[in-house]
Each structure stands twice: as C-alpha cells, then as structure tokens.
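Here's the letter readout for the chains.
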Amino acid sequence: MKIVVCIKQVPDTVEVKIDPKTGTLIRDGVPSIINHDDKTGIEAALQLKEQLGGTVTVESMGPPQADIALREALAMGCDEAYLVSAREFGGSDTYATSGILAAALKKIGYDLIITGRQAIDGDTAQVAPQIGEKLQVPQVSYVEEVQEATEEYVVVKRQFEDGYHIIKIKTPCLLTAIAELATPRYMSVKGIVEAYEKEVKTLGFEDLKAELELDMIGLKGSPTNVYQSFTKEVKGAGTILKDLSAEEAVQAIIDKLEAKFII
Amino acid sequence: MDFKLTKTQVLQQELFRKFAETEIKPIAKDMDESEEYDQGLVAKLQKAGMFGIPYSREYGGQGADVLTYTLAMEEVSKVDASTGITLSVHTSLCCPCINEFGSEAQKQEFLRPLVDGHKVGCFGLTEPGAGTDASGVRTEALKDGDDYIINGTKIFTTNSGFADTFIVFALTDKTLGPKGMSAFILDRTMPGITVGENIERMGIRAASNCEVAYENVRVPASRLLGKEGQGYKIAMTALAGGRIGIGAQSVGIAQGAIDEAMKYVKERKQFGKTINKFQNTQFKLAECQTKVDAARLMVWRAATAKDNHENFAPLAAMCKLFGSEVANEVTRVCVQLLGGYGYCREYPVERAMRDAKITEIYEGTSEAMKMIISGAMKV
C-alpha cells in the first residue's frame with residue numbers, strides 16, 4: 001500500500017503573536033516544528049506500513065525551510081519525501097493550497113492519504129477535506145482509531161461531539177488524524193543519518209502545471225484573503241455554566257443575550 | 001575554522017533534547033532517590049538508537065560520529081548524569097574494545113547486539129587494589145585447554161547490575177605486570193559471575209555500580225580480545241576515548257544547572273525585585289556560561305580529532321580535566337544562586353552538584369589527566 005502523509009511546518013508555539021503593524025505572524029525566534037496532528041498522521045501511516053507493508057511518502061507545501069520538517073519525517077521512518085514549493089504558490093489560501101497538494105498527490109500516486117485534522121497556526125481544518133473533494137476520493141475526518149486495514153478498505157472510528165462513528169471506507173481514500181489516533185515515535189539516530197542521505201524531491205510549478213487550475217493558485221488565485229489579523233484582547237473572565245442539558249444551556253444563553261438587549 | 005554543527009547534528013541534538021526532556025527529566029529525581037536505573041528507560045534509549053551512536057551501520061550501529069555522541073551525552077546529562085554514565089560506559093568503554101580490537105567474528109557476535117540496541121555492556125578494570133595504578137590488577141585468567149579460567153574481583157563496574165556483556169581485564173601472565181594483562185568478552189549468564197549490590201554513593205546514584213566477583217569463570221579462547229598481553233593497551237585506548245564522553249557529560253551537568261538557575265533567578269524576588277536584576281547574579285551566570293562554552297568547545301575539538309583519526313588522547317584528557325572542574329564549580333555557583341532552595345532535593349541543582357564530583361574521579365582522575373597532558377607536552 002502506498003500511503004502519503006501531508007504535513008505542514010508550523011511555528012512551535014500555542015500563543016502565536018501577531019505584529020500589530022503588519023498584521024502578520026511574528027516568526028522570528030520561534031522554532032518550527034511538524035504540526036502535531038500531522039505527526040500523529042505520520043505515526044499512523046508508519047504503523048499501517050508495519051502491518052500491511054508498502055511505503056510511506058510525506059509531502060509538504062512550503063518554503064525551502066520546510067526541508068527540515070520532511071527530514072524529520074524521514075528520520076521517523078518515512079520512505080520518501082516531496083517538498084511542494086514554488087514562488088507561484090506563495091500566499092495560497094486553503095482552496096488554492098488544497099488544489100496544489102491534490103495536483104502533487106496525482107503526480108506522486110497514492111492508495112491512502114493521511115493528513116492531520118488541522119494546523120495549529122491557521123486552525124482551519126479545511127485543506128484536507130478539500131484535497132479529498134478535488135481528488136474525488138472518499139474521506140473521513142477526525143479519525144481517532146484505525147480498527148481494520150486492508151489493501152481494499154479501512155475501518156475507522158471517527159470522533160464526534162457526543163459519540164463516534166465506525167466507518168468502513170474503500171481505498172483510495174483520505175483520513176484526517178486527531179491526537180488520539182497515535183503517539184508519534186521519536187526519530188532514531190540512524191534514521192537521522194539516513195534522512196540526510198536521502199533526497200527530498202521538489203515539485204515546483206512546472207512539475208505540476210498540467211494538473212493545476214492556473215487561475216486558482218497563489219495569492220492572486222485565492223478566493224479568500226486575510227483582511228486583518230490581531231491578537232485577541234483578554235476582557236476579563238467568562239462565566240461558566242456547568243451541568244446543564246443542551247436545552248437548559250440554550251435557554252441560559254438566550255436569557256443572557258436578552259438581558260443585555262443583544263436580542 | 002567552523003564552529004557550527006552540521007544539519008544532521010542539529011537534528012540529532014533536537015532528538016536528544018526532546019528525548020531527555022520527555023523521557024528522562026520526569027523520572028530523574030525518583031531514580032536518584034531509589035538508587036535504581038529504570039529498565040523501561042533503557043528500552044526506550046535502545047529503541048531511539050542511543051546505545052550505538054558512533055558505530056558503523058555495517059555492525060548494526062547508528063552510523064553517526066563521535067561529535068554527535070557528545071551531543072547526546074550533553075543533552076541527557078543536562079537532566080540526568082546517571083543516564084550519561086550509563087550510555088558512556090556502554091558506548092565509549094565497552095564497545096570500543098570490541099570495535100577496535102575484536103576480530104570480524106567477534107564484532108558480528110558481540111558488538112552487533114550491543115550497538116543495535118539489544119544488549120547493554122560494561123567494563124571491568126578497576127579492582128579494590130587497582131585504581132589509577134592499573135598495574136595493581138590481581139584478577140587472573142589461567143589457560144586450561146582451549147579455555148581460560150578467570151578468578152578475581154572487580155569494583156565500581158558501572159552498568160554491571162543489568163549489563164549483558166562484560167569486558168573483563170585479567171592477567172594471563174602474572175610475571176609481566178601490566179604487559180601480562182589480557183581482555184576478555186564475558187556474558188552475564190556465565191557460571192561463576194556474582195554481581196553485588198549497587199554501591200551507595202554521593203552522586204550518579206541511579207547508575208548501577210557494583211562489585212563483581214569472578215569465581216572459576218570458564219571463558220572460551222574465542223572470547224580473548226586481540227592477543228594475550230594486549231589488555232593494558234586495550235583498556236588505555238578505550239579510556240582515552242571515554243574521556244571525551246565524560247567531558248561532554250560534565251558540560252551537560254553544568255549547562256543543566258545553569259538552565260535551572262536561569263529559570264529560578266527570573267522568578268525569585270528579594271529586596272523588591274527578581275534576583276536576575278542584581279549584578280552579582282548576572283556576573284556569576286556570565287562567568288558560568290563562558291566556562292561551559294569553553295569546555296564544550298574543548299569537547300568538540302577532542303571529538304572532531306577522534307572522528308578524523310588524529311591523536312586525540314591529550315585533547316580528550318584536557319576536555320575531561322577542564323570540563324569536570326567547570327562542572328563542579330558551576331553547579332556550586334548555581335546552588336548558591338538558588339540559596340536555601342538550591343540545597344533542597346526538590347530542586348535539581350542539588351543533584352547536579354552531587355553528580356558533578358564523580359567527573360573529576362572516574363575514567364581517570366584529574367591528577368591522572370595532568371599526567372597524560374604533561375606527558376604529551378614532554379614537560
């Protein structure tokens with residue numbers, strides 16, 4: 001089975017700081033890491049490979065600095081790595097990004113695609129489902145357990161707010177991983193040595209051109225644009241209402257809104 | 001001259017740091033208190049490849065260099081010096097004897113499981129009557145047909161409480177003194193080996209360090225390393241390399257103490273301000289960091305010389321002499337900066353100060369280092 005994991009390099013912080021003047025993320029002095037959910041996806045893929053055989057490929061879209069994230073994935077045990085990188089791809093929103101990653105996936109080939117649920121910097125959780133749609137493969141998001149895996153299908157447990165779904169899904173398909181799915185292994189010393197002996201292949205604009213909607217990539221081709229980013233102001237502690245049923249909670253909120261003449 | 005680590009080394013350092021913070025730091029205090037090394041941690045270290053760092057992949061090792069090994073020693077020793085010595089005795093005392101003096105068959109049979117993470121090794125040279133003066137060794141290996149029969153007692157054998165493979169030095173010819181010493185590869189399971197209780201110590205209390213008695217242990221001649229009479233040379237060669245590891249361990253202990261002190265002085269308030277605002281605190285920490293950086297560069301120099309197959313022995317002795325003194329001085333300063341809390345077991349600098357002392361003693365005392373350095377200087 002050929003498993004491809006999509007990963008993103010993100011700043012290693014839960015408190016992303018924004019430059020008040022430019023409205024962009026302050027990245028200086030913040031180390032970069034593989035997004036947590038994506039690392040979970042790598043671990044899940046490696047476990048499936050151990051069980052079923054085959055290979056694990058990682059792909060990441062980002063600047064050349066994302067190389068180290070891909071090396072780390074190789075050092076954990078992935079077989080090959082692709083960096084999707086080109087000037088033309090810069091500034092892409094989730095729609096444009098998913099189109100580019102889908103084009104790369106067509107080029108690389110896949111039986112199973114695993115991604116993280118969402119990235120800690122953007123927190124959209126949109127890229128993976130859009131990849132699934134663009135490749136027209138079935139998808140399950142919020143996967144917390146792979147219960148059965150064969151070359152033809154996988155059976156997964158999808159987390160839900162108040163329960164879970166057990167879903168059998170035909171391959172090729174796409175899964176998005178949440179933290180419960182697996183605990184990522186460490187890189188190994190030998191893995192790191194070998195990661196730097198392998199090649200991280202780059203897929204640029206020319207490599208993917210044929211598969212792309214050319215007016216839907218990069219900043220220009222992105223249907224959404226960030227208007228303004230700002231750091232949330234803390235406005236005092238909130239009120240916590242505990243142990244209410246859904247109906248009671250709704251009523252409590254309505255009462256509050258009415259009391260403040262908001263509705 | 002380039003003082004930068006390579007990309008590979010930087011990623012290795014990140015692995016060691018994360019592993020140390022996540023797997024070792026949370027249990028280091030408990031291991032010290034219980035004076036017992038966590039065997040679950042041994043398994044995790046093995047899985048990450050920490051027991052075979054500078055060994056060829058041809059023999060199942062990790063294929064990294066000696067410099068990378070010093071990075072591992074520093075990172076683990078920052079949070080737990082006992083883990084440092086556990087890795088060090090295995091990696092830079094036991095394994096080199098086989099790697100550098102073993103036959104191809106011995107490497108396949110004995111080195112492979114040590115460096116691929118299946119077995120742990122130890123090194124038995126020191127005896128109750130033979131410390132710095134290794135000519136005091138009394139353990140004997142008498143030829144009996146195709147075997148040797150080993151009798152004697154070794155002391156302070158690190159890792160012996162759980163190690164699988166023992167490198168043991170014994171006299172095959174008593175009349176020749178050190179030149180009659182030979183080295184053997186033994187298995188823990190061999191009849192006649194008795195490992196005593198963990199010796200109660202001031203520091204590195206989690207490490208396993210016991211007396212080992214060898215009573216009529218029958219060892220096939222195929223387990224003799226090199227030739228008869230080469231034992232002293234084998235031991236000295238291993239110890240020369242081992243000192244790079246102890247230098248790195250010393251740097252780690254000192255840097256770990258500085259890191260803890262840095263956190264503390266930014267929080268602790270006296271006389272209306274945090275104590276990092278006092279010049280005494282600033283200058284003390286500046287002095288400490290300068291010394292640690294100097295010691296680290298000496299360790300890297302010795303490691304690079306060994307990687308390049310240059311004459312590293314005097315450089316290794318220097319980095320150990322200087323590094324161990326820095327570790328003692330810096331941990332003492334850091335305890336002082338934390339004041340009464342620094343003296344409490346709740347804070348890790350107390351353990352660091354106790355752990356630091358041994359670095360001036362084992363794998364060659366500071367005095368022995370000065371003998372080596374002055375000898376190389378031809379004073």
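Structure shown above.
Everything in this summary refers to the structure shown in the same document. (Residues numbered from 1 in each chain as written. Chains lettered and ligands numbered in written order. Predicted model: local features only at pLDDT ≥ 70, side-chain atom pairs only at ≥ 80, totals over all residues. Heavy atoms only, no water.)

Another point: the interface of chain B and chain A. Between chain B and chain A, the contact holds 22 residues from the first and 14 residues from the second. For the chain B and chain A pair, buried surface summed over both sides reaches about 1,500 Å², with 64% attributable to carbon and sulfur atoms. Connecting chain B to chain A are two salt bridges. With its nearest N and O atoms 2.5 Å apart, the salt bridge here joins Glu197(A) to Arg57(B). Counting across the chain B and chain A interface gives six residue pairs in polar contact (both at pLDDT 80 or more). Ranked by residues supplied to the side of chain B that touches chain A, first place goes to helix H1 (residues 7–34) of chain B with 11 residues. Split into classes, the residues belonging to the side of chain B that touches chain A amount to eight nonpolar, eight polar and six charged. (Contact = heavy atoms within 4.5 Å. Buried area = accessible area lost by both parts, 1.4 Å probe. Salt bridge = Lys/Arg side-chain N within 4 Å of Asp/Glu carboxyl O. Polar contact = N/O pair within 3.5 Å; in protein donor to acceptor, adjacent residues only side chain to side chain. Helix = DSSP H or I, 4+ residues; strand = E, 2+ residues; numbered from the N terminus. Nonpolar A, V, L, I, M, F, W, Y, C, P; charged D, E, K, R; others polar.)

A contiguous nonpolar patch, built from Met1(B), Phe3(B) and Leu297(B) and spanning about 410 Å² of accessible area, is present on the exposed surface. Tracing the backbone shows Phe3(B) in the segment before H1. (Patch = residues over 30% accessible without salt bridge, like charges linked within 9 Å, V, L, I, M, F, W, Y side chains within 5 Å. Areas by Shrake-Rupley, 256 points an atom, 1.4 Å probe, with all protein chains shown as cover.)

What follows concerns the sheet that holds strand S9 (residues 163–170) of chain A. Residues and elements named next belong to chain A. Taken together, nine strands build an open sheet; the order of strands is S9-S8-S7-S10-S6-S1-S4-S5-S11 and the sheet is mixed. Looking along the sheet, the strands with just one partner apiece sit at the ends: S9 and strand S11 (200–203). With direction set aside, neighbouring strand axes in the sheet form an average angle of 35 degrees. Pairing between strand S7 (residues 139–149) and strand S8 (residues 153–160): five bridges, direction antiparallel. Paired with Ala149 across the bridge in S8 is Val154. Along the sheet, helix H2 (residues 67–76) contacts strand S1 (2–7), strand S4 (55–61), strand S5 (80–84) and S11; its crossing angle with S5, the most-contacted strand, is approximately 165 degrees. (Pairing = 2+ DSSP bridges. Axes fitted to C-alpha atoms, helices over the stretch in contact; angles between N-to-C directions.)

All right, on to the packing of helix H6 (residues 231–267) of chain B against helix H7 (residues 279–307) of chain B then. Residue and element names in this part refer to chain B. It is the contact of H6 with H7, at a shortest axis distance of 9 Å, that shows an interaxial angle of 155 degrees. With respect to H7, the element H6 is oriented roughly antiparallel. As H6 packs across H7, the resulting crossing turns out to be left-handed. For the pair formed by H6 and H7, the contact residues are Gly241, Ile244, Gly247, Ala248, Val251, Ala254, Gln255, Ile258, Ala261, Met262 and Val265 on the first element and Thr281, Leu285, Cys288, Gln289, Val292, Ala295, Arg296, Val299, Ala302, Ala303 and Lys306 on the second. Here the contact of H6 with H7 is composed, by residue class, of 15 nonpolar, five polar and two charged. (Parallel < 35°, antiparallel > 145°, perpendicular 65-115°, else oblique. Left-handed = near helix turned anticlockwise from the far one by under 90°.)

Before going further, it helps to spend a moment on the pattern of salt bridges. Enumeration according to the criterion identifies 38 salt bridges over all chains in this entry. Salt-bridge contacts for Arg185(A) lead to Glu43(A); the nearest nitrogen and oxygen are separated by 2.7 Å. In this pair, Arg185(A) sits in the loop between strand S10 (173–177) and helix H5 (189–195) while Glu43(A) sits in helix H1 (residues 36–52), placing the two residues 142 residues apart along the sequence. Note on Arg185(A): relative accessible area 26%, which makes it partly exposed. The buried category is assigned to Glu43(A), whose relative accessible area is 4%. Lys25(B) serves as the salt-bridge partner of Glu21(B), at 3.9 Å between the closest nitrogen and oxygen. Of the two residues, Glu21(B) and Lys25(B) are both situated in helix H1; the distance of four residues between them amounts to about one turn of the helix. Ionic contacts of the salt-bridge type, sharing partners, join the residues Asp32(B), Glu33(B), Glu35(B), Arg205(B), Arg345(B), Glu350(B) and Arg354(B) into one network. (Buried < 20%, exposed > 50% of the residue type's maximum accessible area, 1.4 Å probe, protein only.)

Below, the discussion takes up the environment of Leu46(A). All names here are of chain A. Looking at where Leu46 falls in the secondary structure, it is placed in helix H1. Along the chain, Leu46 and Gln251 lie 205 residues apart, while their C-alpha atoms are 47 Å from each other. For Leu46, the residues in contact, after removing those within four places along its chain, are Val56, Met76, Gly77, Cys78 and Arg185.

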